[in-house]
Structures are given as structure tokens and as C-alpha cells.
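Here are the chains, one letter per residue:
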Amino acid sequence: MPAQLPQNQPTPEEAARALRDIEQRRGQVLREGSGPRWMWYLLGAAFVVRGLVADLAGMSAASVVSWAIVAVLAVLVVMQYTRRGAARLGYRAMPAWNTFPAWYLGMLTAAAIATVIAASLLLGVLVAAFDLPYQQTIVGAGTGLAVALLGRWACRLTPPRRRVSGR
């Protein structure tokens, strides 16, 4: 005779369905909390514009563009951490990043930055070796592509799960 479950206990099928639903909702919040895609594409396009300006107008004009990019990024970062600013940017949900281990977020950030820098340097060396025209534009396009793809990807990652011991 099968053991009777108490009335307030879910069946194994109901429990499995509820856990799947929780995981699906968690993934949805993380996707929506990673921000709008246009921000990453805008940042990637900014690298292309900076490279184009460097090739067409010189490095002093590119320096002005670089500082303008930094200023816009600073405003966007500040906006992300305010309720009204995040809503204006298109965030529909914000995961509680402070619940993730700091070492994990630091490693993610460092890995993404190192990858973008390595890709940019490698592309710069290759472009210089072949003596191509519009070198800064080519490097800017490669860096912009890496930023757009890696930035969006890194925001979707979640920290590894911790095992919780049951009682």
C-alpha cells in the first residue's frame, strides 16, 4: 500500500513542475535584468565611431570622442542603479546582484575586460602587420563587436549554485 502524503504536501510531479516554473521565472528575470540590447550595440558602435574619427580627423579628435564616450557611459551606469533611470533605460526587472558572490562578479568582469583588450590588441597587431588603410576603424569595429557580444553574454551569466544541506 503506497504511503499517503499529508494533504498540504505536493505530489512529486507538482513539486517538479513548481521547480521548473521557478527556474523559468528566474531565467526570465535575469534576461530582463541584463538590460536592453541597444545599450550594448550603442557601446560597440561608439568604438567604431572612435576609430573612424581617429582615421579621418586625427588622434586629438579621437581623444575628444573617447572622453565623450566615457561621459555617456558614466551617465548610463548611474542611471542603471536608480529606479527611474533603470525604467527609462528599459530595465523591466533587476536581479539582486548584491546576492552574488563579489569574487564571482569580479572574475566575470575581469575576464570580459581581458578578452576585449586581448582581442583589440591582437586585431591591432594584425592590421599593422598588413599595413591596411583605416587601421583605427578596423580595430574599433573588432573591439565594438567584441564589446557588443561579450557584454550581452556576460550579463546573462549567473553564479554557480551552492549546495544547500537539507534538515
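Rules used throughout
Residues numbered from 1 in each chain as written. Predicted model: local features only at pLDDT ≥ 70, side-chain atom pairs only at ≥ 80, totals over all residues. Heavy atoms only, no water. Patch = residues over 30% accessible without salt bridge, like charges linked within 9 Å, V, L, I, M, F, W, Y side chains within 5 Å. Areas by Shrake-Rupley, 256 points an atom, 1.4 Å probe, with all protein chains shown as cover. Salt bridge = Lys/Arg side-chain N within 4 Å of Asp/Glu carboxyl O. Helix = DSSP H or I, 4+ residues; strand = E, 2+ residues; numbered from the N terminus. UniProt positions renumbered as here; feature names shortened; annotations may be inferred. Buried < 20%, exposed > 50% of the residue type's maximum accessible area, 1.4 Å probe, protein only. Polar contact = N/O pair within 3.5 Å; in protein donor to acceptor, adjacent residues only side chain to side chain. Contact = heavy atoms within 4.5 Å. pLDDT = per-residue confidence, 0-100. Expected span 1.5 Å × (residues − 1). Arc of directions from axis to C-beta. Axes fitted to C-alpha atoms, helices over the stretch in contact; angles between N-to-C directions. Parallel < 35°, antiparallel > 145°, perpendicular 65-115°, else oblique. Left-handed = near helix turned anticlockwise from the far one by under 90°. Nonpolar A, V, L, I, M, F, W, Y, C, P; charged D, E, K, R; others polar.

**Concerning a nonpolar patch on the surface**
Point 1. A surface patch of nonpolar side chains, amounting to about 470 Å² of accessible area, comprises Leu122, Leu126, Phe130, Leu132 and Ile138.
Point 2. Structurally, Ile138 can be placed in helix α6 (residues 135-156).

**Structural notes on the UniProt feature "transmembrane region" (unreviewed entry) in the protein chain**
Point 1. As annotated in UniProt, the feature "transmembrane region" (unreviewed entry) corresponds to residues 64-82, 103-130 and 136-155 in the numbering used here.
Point 2. Here residues 64-82 is 89% helix and 0% strand, with 28 Å between the C-alpha atoms at its ends.
Point 3. Each end of residues 103-130 is marked by a C-alpha atom, and these two atoms are 40 Å apart; helix forms 96% of the span and strand 0%.

**Here we look at the side chain of Thr143**
Point 1. Residue position: Thr143 is located in helix α6.
Point 2. Residue Thr143 is classed as buried on the basis of its relative accessible area, which comes to 7%.
Point 3. There is a polar contact of 2.9 Å between the side chain of Thr143 and the backbone oxygen of Val139.
Point 4. Once you skip the residues sitting within four places of it in the chain, Thr143 turns out to touch Phe47, Val116 and Ser120.

**Examining the confidence of the model for the protein chain**
Point 1. Looking at the protein chain, the pLDDT average stands at 79 and 78% of residues meet or exceed 70.
Point 2. Mean pLDDT per element in the protein chain: helix α1 (residues 12-33) is the minimum at 79, and helix α2 (residues 37-57) is the maximum at 91.
Point 3. Every residue in residues 159-167 scores below 50 in pLDDT, and together they form 7 contacts with partners more than four places removed in sequence or on other chains.

**Thoughts on helix α3 (residues 59-80)**
Point 1. Between its terminal C-alpha atoms α3 stretches 31 Å, which fits the 32 Å expected from 22 residues at 1.5 Å a residue.
Point 2. Of the residues making up α3, those classed as buried are Ala62, Val65, Ile69, Leu76 and Gln80. Viewed end-on, α3 has its buried residues packed into an arc of 60 degrees, placing them on one side of the element. Turned more than 90 degrees from where α3 packs its buried face, Ser60, Val64, Trp67 and Val78 sit exposed.
Point 3. Buried positions along α3 lie against α2 and α4 (83-89).

**Quick word on the packing of α2 against α3**
Point 1. Packing of α2 against α3 brings their axes to within 7 Å, and their N-to-C directions diverge by 165 degrees. In terms of orientation, α2 and α3 fall into the roughly antiparallel class. As α2 runs across α3, the sense of the crossing is right-handed. On the side of α2, the interface is formed by Met39, Leu43, Ala46, Arg50, Val53, Ala54 and Ala57, while α3 contributes Met59, Ala61, Ala62, Val65, Ser66, Ile69, Leu73 and Gln80.
Point 2. Of the residues belonging to the contact of α2 with α3, the class tally is 12 nonpolar, 2 polar and 1 charged.

**A word on the pattern of salt bridges**
Pairing between side chains becomes possible if they bear opposite charge and their charged atoms approach one another.
Point 1. Scanning the model with the defined rule gives 1 salt bridge in all.
Point 2. Here Arg25 and Asp21 are joined by a salt bridge, their closest N and O atoms 3.7 Å apart. A residue pair is termed a helical-turn pair when its members lie 3 or 4 positions apart in one helix, as Arg25 and Asp21 do in helix α1 at 4 residues.
Point 3. Among the residues examined, Asp21 registers a relative accessible area of 34% and is labelled partly exposed.

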